[in-house]
Amino acid sequence: GENVEQHPSTLSVQEGDSAVIKCTYSDSASNYFPWYKQELGKRPQLIIDIRSNVGEKKDQRIAVTLNKTAKHFSLHITETQPEDSAVYFCAATHQDKLIFGTGTRLQVFP
Amino acid sequence: GAGVSQSPSNKVTEKGKDVELRCDPISGHTALYWYRQSLGQGLEFLIYFQGNSAPDKSGLPSDRFSAERTGGSVSTLTIQRTQQEDSAVYLCASSLDELAGGGDTQYFGPGTRLTVL
């Protein structure tokens, strides 16, 4: 079945540094790739998404890139802040549903 | 406007009992999804609804799990004869379901934390 792999599982960075999280997917028909942020005890919240007809999308300090040929997409956070600390999930569509990666726990140290 | 709501927020039950978890989607959202999140784990797809129909039940772990949706709105996830391994946070999400292939943004509820003793 469809698989979405996410790396790394944990990531620690110093405040102000950049963070990159990478995902790969297996379904060549996937056409929508959202990223969710989940703070401890809270619901997942969409932070950015990208569709298969574009290669990059940026929203202030966060950006997502998509390589459909290689079937991978990445989340880039620049100028990280302590409030960026959370678990981040990538996802890809598969047969009318989302398949989620296993999550990346990002810790930003002041 | 109001987001996705779920009830109860917490449920503690004894092994072998049945439980019902409720999800109220955003008004007008025709697609509704149930996920399970075990402690420190990712989001495991359970089932999704288009209107009142469930085209994909492939994620339900066993026949003890069932879900229904009535009036194209509220959905109930029922777990019969609960087991300790059912302990998890059960998340519901809804979307407009206007784009093909599941490409609409899903908005999550706060979840129900289920603990089976």
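Everything discussed here concerns the structure shown above.
Okay, so let's go over this structure.

Quick notes on the rules
Residues numbered from 1 in each chain as written. Chains lettered and ligands numbered in written order. Predicted model: local features only at pLDDT ≥ 70, side-chain atom pairs only at ≥ 80, totals over all residues. Heavy atoms only, no water. Helix = DSSP H or I, 4+ residues; strand = E, 2+ residues; numbered from the N terminus. Rg over C-alpha atoms; globule rule 2.2 N^0.38 Å. Contact = heavy atoms within 4.5 Å. Salt bridge = Lys/Arg side-chain N within 4 Å of Asp/Glu carboxyl O. Buried < 20%, exposed > 50% of the residue type's maximum accessible area, 1.4 Å probe, protein only. 1 Å grid on protein atoms, 1.4 Å probe; cavity = no way out; pocket = protein on both sides within 12 Å on 5 of 7 lines; lining within 4 Å. Points joined across faces, edges and corners; volume = space filled by probe spheres on them. Nonpolar A, V, L, I, M, F, W, Y, C, P; charged D, E, K, R; others polar.

Along chain B, the regular secondary structure elements total zero helices and eleven strands. Along chain B, from the amino end to the carboxyl end, the secondary structure elements read β-β-β-β-β-β-β-β-β-β-β. Its C-alpha atoms give chain B a radius of gyration of 13 Å, near enough to 13 Å, the size a compact globule of 117 residues would have. Reported as C-alpha extents along the three principal axes, the dimensions of chain B are approximately 40 × 30 × 30 Å. If you take every contact in chain B between residues at least 6 apart in sequence, the share linking residues at least 24 apart comes to 55%.

To continue, consider the pattern of salt bridges. All chains considered together, the criterion is met by seven salt bridges over all chains. Linking Asp56(B) and Lys97(A) is a salt bridge whose minimum nitrogen-to-oxygen distance equals 2.6 Å. Residue Asp56(B) is found in strand β6 (residues 53-56), and its partner Lys97(A) is found in strand β10 (residues 97-100); the two belong to separate chains. Neither Asp56(B) nor Lys97(A) differs from the other in exposure class; each is buried.

Each pocket or cavity is described by its volume, and for the largest pocket that value is around 560 Å³. Forming the boundary of the largest pocket are 28 residues, of which Gln38(A), Leu40(A), Gly41(A), Gln37(B) and Gly40(B) lie nearest the centre. Listed by contribution, the elements that provide at least two residues to the lining of the largest pocket are β9 (86-94) and β11 (104-109) of chain A together with β9 (88-95) and β11 (112-116) of chain B. For the lining of the largest pocket, the element with the most residues is β9(A), which contributes three residues. A breakdown of the residues in the lining of the largest pocket according to their chemical character gives eight nonpolar, 16 polar and four charged.

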